[in-house]
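Architecture and fold: a report
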Amino acid sequence: MFEEGQTSWKNDVTGRKIYNMPSVSLRPTNWIREDVIFFSQHGPFPAHLKRFQLSDSYYCSCGGIGTALHFVTECIYTVSWHMRKPGPNFEQEWLKRVANSLVSRQKICGIIKFISENRDLFRPP
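Residues numbered from 1 in each chain as written. Predicted model: local features only at pLDDT ≥ 70, side-chain atom pairs only at ≥ 80, totals over all residues. Heavy atoms only, no water.

Per an unreviewed UniProt entry, the chain is named Reverse transcriptase zinc-binding domain-containing protein, and its organism is Araneus ventricosus.

What follows is the structure, encoded as structure tokens:
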């Protein structure tokens, strides 16, 4: 079953944004809810909510496209947690580094909690 899951993960076309994250494993991880939300990009992000018709817009109220990366690198409402934005060809490597950095994951936790507690702030006008 383990090998089948790993093969499926390796050969599938979905989930490619997090494909370079750790392989399928039976070992527990120390990821908290906010880590999973950020790295899966399934959470209170306007771009994700619009994709499932739970919002009318992909955009954050600041005008940017409301992706997870937007909130950690450029949204004016989360500036106190910002990280340097990766170049377009380096997003996968950047995600790996962030996943392995306790400081970066603490910033992500702060952002996710802030977004979750202030959802109305991030809805476009």
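Here the narrative resumes, following the displayed structure.
Moving on to the environment of Asp 35. Considering the arrangement of structural elements, one finds Asp 35 in helix 2 (residues 33–40). Sequence separation of Asp 35 and Arg 105 is 70 residues, and the distance between their C-alpha atoms is 6.8 Å. (Helix = DSSP H or I, 4+ residues; strand = E, 2+ residues; numbered from the N terminus.)

Okay, the packing of helix 2 against helix 6 (residues 102–117) next. Direction vectors running N to C along helix 2 and helix 6 enclose 85°, while the axes themselves pass 9 Å from each other. By the angle between their axes, helix 2 is roughly perpendicular relative to helix 6. Within the contact between the two elements, helix 2 uses Glu 34, Asp 35, Ile 37, Phe 38 and Phe 39 and helix 6 uses Arg 105, Ile 108, Cys 109, Ile 112 and Lys 113. For the contact of helix 2 with helix 6, the class distribution of residues is 6 nonpolar, no polar and 4 charged. (Axes fitted to C-alpha atoms, helices over the stretch in contact; angles between N-to-C directions. Parallel < 35°, antiparallel > 145°, perpendicular 65-115°, else oblique. Contact = heavy atoms within 4.5 Å. Nonpolar A, V, L, I, M, F, W, Y, C, P; charged D, E, K, R; others polar.)

What follows concerns a nonpolar patch on the surface. Together, Tyr 58, Tyr 59 and Ile 65 make up a nonpolar patch on the protein surface, roughly 300 Å² of accessible area in all. Along the polypeptide, Ile 65 turns up in the loop between helix 3 (46–51) and helix 4 (68–73). Residue classification places Ile 65 among the partly exposed residues on the basis of a relative accessible area of 45%. (Patch = residues over 30% accessible without salt bridge, like charges linked within 9 Å, V, L, I, M, F, W, Y side chains within 5 Å. Areas by Shrake-Rupley, 256 points an atom, 1.4 Å probe, with all protein chains shown as cover. Salt bridge = Lys/Arg side-chain N within 4 Å of Asp/Glu carboxyl O. Buried < 20%, exposed > 50% of the residue type's maximum accessible area, 1.4 Å probe, protein only.)

Taking 1.5 Å of rise per residue, the 16 residues of helix 6 would be expected to cover 22 Å, and the 22 Å separating its terminal C-alpha atoms lies within 8% of that figure. Taken together, the buried positions of helix 6 are Ser 104, Arg 105, Ile 108, Cys 109, Gly 110, Ile 111, Ile 112 and Ile 115. (Expected span 1.5 Å × (residues − 1).)

Taken as a whole and judged by the stated rule, the model has 7 aromatic pairs. For the ring pair Tyr 77 and Phe 122, a centre distance of 5.9 Å and an interplane angle of 90° mean the geometry is edge-to-face. You can see Tyr 77 sitting in the loop between helix 4 and helix 5 (91–99) and its partner Phe 122 sitting in the segment after helix 6, a full 45 residues away along the chain. We classify Tyr 77 as partly exposed; its relative accessible area is 30%. Taken together, the ring pairs in this structure connect Phe 45, Phe 71, Tyr 77, Trp 81, Phe 114 and Phe 122 into an aromatic cluster. (Phe/Tyr/Trp six-rings, centres within 6.5 Å; stacked < 30°, edge-to-face > 60°.)

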